[in-house]
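Overview (structure and organization)
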Amino acid sequence: MSESELNLLYSEIEQELRASVRELLAHRCPWQSVLDRVSHHAPAEVTDRALWQELAELDVLGLFVPETLGGAGATAREASSVAEELGRAVAPVPFLGSAVLATGALVALGTAEEQVRTLLTDLAAGQRCATLVVPLPTAPGSGFPSQVRADGSQLTGTVPGVVDALSADVLVVPALGAEGPGLYLLPADQATLSPVVSLDQTRPLAEVTLTGAEATRVAVGQQAVDAVEAALLTGAVLLAAEQLGTAEWAFDTTVAYLKERVQFARPIGSFQALKHRVADLWVLLAQARAVVRHAASALAADSEDLPLAAALAQAFVSEVAVKVTEEAVQLHGGIGFTWEHPVHLYLKRAKSASLSLGTADRHRARIADLVGLPPAP
């Protein structure tokens, strides 16, 4: 393992990028506005497109896109810092679908195809959004998706639970055809998009139905397989970073509440039992941060340990995020159970994310396979 993969500290550039994104989100995406969007908008209208454009102006939508195509040419370490901040704000933007999964698959293809280059340029500029058409629970190492069949350039099939499909202009579709696995580009208006009820209202899902839709193939065979796997690995790492940010907000907000809430003439945070619970959460968060930083560094370095690092991050951090947000609800007392308080947004995001790109159990099984652990007797 290289020295860069062991560096768990944030660089000066990462800190500055984090500060810029946090400042924008604090101004444009306070929790009151998020709660208002999920309360009064249909799933297809939840995405904050104005905020998406402002994020594009900060050059965070094309972090993985080469500078020659208008992107930032950054690494997963910088992208991880951005994902943490988006998780802290439960921002209703298609970062996971467009800037991570779809962009990750396209970058893995290289820039030989003109359509790929054009689309990457548009994605980095925020002019178009895209998503990878796979069920959100799909984990790295699951094999090539088989929900869509290709007959020449025509695609047919139904894919349930696709993230950010409702806000996408372009669909990046894995499909099986006569020549084997392929990756296709398709205008979103050529598909039927049906909203799916999602636990996390800030991250809408949709069922994508294709009935002979005309698409353009941009990869075939092993190249398509590798591109989808690269996207899922990238998604697993960045989702873990987002989960860390979600948990950090819940922890910080809970600590502040415990210092302010008074019972029996003293702040409830002074009670020893609550101190112990908060201390346990702090330890979990410190461990989660180290795991996320290691996974982001492994992705940035294209390490051979990346599949293991991504699986470890998802197996551990997804459960930490659920634990911290559940405790946040409990420690806020009666107010924590109300719709008017934002903590439920974070619990729903954490719980939904724990089922996305593979469950913790699925990732633990992957870890066992990767390190060669024998099955239980």
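Scroll up a little and you will see the structure.
Now for a quick tour of the structure. The model shown is predicted, which means the values in this text are computed figures rather than measured ones.

1. Brief notes about the side chain of Thr 131
- Mapped onto the fold, Thr 131 is located in strand S1 (residues 130-132).
- Looking at Thr 131, its side chain comes within polar contact range of the main-chain oxygen of Val 163, at 2.7 Å.
- Excluding residues that lie within four positions of it along the chain, Thr 131 makes contacts with Gly 97, Ala 102, Val 162, Val 163, Asp 164, Ala 165, Ala 168, Val 170, Leu 171 and Val 172.

2. Some details on the packing of aromatic side chains
- One pass over the full model with this rule turns up 1 aromatic pair.
- Above the face of the Tyr 10 ring, Arg 18 is positioned so that its terminal group lies 4.5 Å from the ring centre.

3. Overview of helix H10 (residues 306-331)
- Counted at 1.5 Å a residue, the expected span for H10 with its 26 residues is 38 Å, and the 36 Å between its end C-alpha atoms agrees.
- Looking at the residues trailing H10, positive phi occurs at Gly 333, about 70°.

4. Thoughts on the nonpolar core
- Grouped together as the largest cluster of nonpolar side chains are 107 residues, with contacts concentrated most on Leu 55, Phe 95 and Leu 183.
- A total of 19 residues in this core trace back to one element, the largest contributor, which is helix H8 (residues 222-260).
- In this structure, Ala 150, Tyr 184, Leu 186 and Ala 215 belong to the second largest nonpolar core, which totals 21 residues.

5. Quick notes on the packing of H10 against helix H11 (residues 343-353)
- Running from N to C, H10 and H11 point in directions that differ by 155°, and their axes come no closer than 9 Å. Considering the angle they form, H10 stands roughly antiparallel to H11. Read as a crossing pair, H10 and H11 show a hand that is left-handed. Between H10 and H11, the residues in contact are Gln 314, Ala 321, Val 322, Thr 325, Glu 326, Ala 328 and Val 329 and Val 343, Tyr 346, Leu 347, Ala 350, Lys 351 and Ala 353, respectively.
- Looking at the contact of H10 with H11, its residues break down into 9 nonpolar, 2 polar and 2 charged.

6. Considerations on the pairing of strand S3 (residues 154-163)
- In this sheet, S3 lies alongside strand S2 (residues 148-151) in antiparallel orientation, the contact comprising 4 bridges. Within S3, the position partnered with Asp 151 by the bridge is Gln 154.
- Hairpin connection between S2 and S3: a loop of 2 residues separates the two successive antiparallel strands, and Gly 152 in this loop has a positive phi of roughly 70°.
- Judged from the 8 bridges that link them, S3 and strand S7 (residues 205-214) form a sheet pairing that is antiparallel.

7. Concerning the pattern of salt bridges
- Applying the stated rule across the entire model yields 20 salt bridges.
- For Arg 88, the salt bridge goes to Glu 248, with nearest N and O atoms at 4.0 Å. Within this pair, whereas Arg 88 is found in helix H5 (residues 76-88), its partner Glu 248 is found in helix H8, the two being separated by 160 residues in sequence. Considered together, Arg 88 and Glu 248 belong to a single accessibility category, that of buried residues.
- Through salt bridges with shared partners, one network takes in Arg 18, Arg 22, Glu 84 and Glu 85.

Parameters and conventions
- All residue numbers refer to position in the chain's written sequence, counted from 1.
- Residues qualify for local features only when their pLDDT is at least 70, as the model is predicted, and side-chain atom pairs are given and counted only at 80 or more; totals for whole chains, interfaces and linings, by contrast, use all residues.
- Remark: hydrogens and water are excluded; side-chain values derive from all non-hydrogen atoms of the structure.
- What counts as a helix is a DSSP run of H or I of at least four residues, what counts as a strand is a run of E of at least two, and both are numbered from the N terminus.
- For this analysis, a polar contact is any N or O atom pair within 3.5 Å, provided that within protein one partner can donate a hydrogen and the other can accept it, and provided that sequence-adjacent residues contribute only side-chain to side-chain pairs.
- In what follows, residue pairs with any heavy atoms lying within 4.5 Å of each other are defined as contacts.
- For Phe, Tyr and Trp, where Trp contributes only its six-membered ring, two rings pair if their centres lie within 6.5 Å, and the inter-plane angle classes them as stacked under 30 degrees, edge-to-face over 60, or tilted in between.
- Over a ring means this: the NZ of a Lys or the CZ of an Arg is within 6 Å of the ring centre and within 35 degrees of the ring normal.
- Here the expected span of a helix is defined as 1.5 Å times the quantity of residues minus one.
- Think of a nonpolar core as a cluster: buried Ala, Val, Leu, Ile, Met, Phe, Trp, Tyr and Cys residues, connected wherever their side-chain atoms sit within 4.5 Å.
- The cut-offs for exposure are 20% and 50% of the maximum accessible area for each residue type, with area from a 1.4 Å probe on protein chains only; residues under the lower value are buried, those over the upper are exposed, and the others partly exposed.
- Orientation is described by axes fitted as lines to C-alpha atoms, over the contacting stretch for helices, and by angles from 0 to 180 degrees between their N-to-C directions.
- Orientation categories follow fixed angle ranges, with anything under 35 degrees roughly parallel, anything over 145 roughly antiparallel, 65 to 115 roughly perpendicular, and all other angles oblique.
- Here is the rule for handedness: rotate from the far helix to the near one, and if that takes an anticlockwise turn smaller than a right angle the crossing is left-handed, while a clockwise turn gives right-handed.
- All residues other than Ala, Val, Leu, Ile, Met, Phe, Trp, Tyr, Cys, Pro, Asp, Glu, Lys and Arg, Gly among them, are scored as polar; the first ten of these are nonpolar and the last four charged.
- What makes two strands pair is DSSP finding at least two bridges between them.
- Salt bridges are counted wherever a side-chain nitrogen of Lys or Arg sits within 4 Å of a carboxyl oxygen of Asp or Glu.

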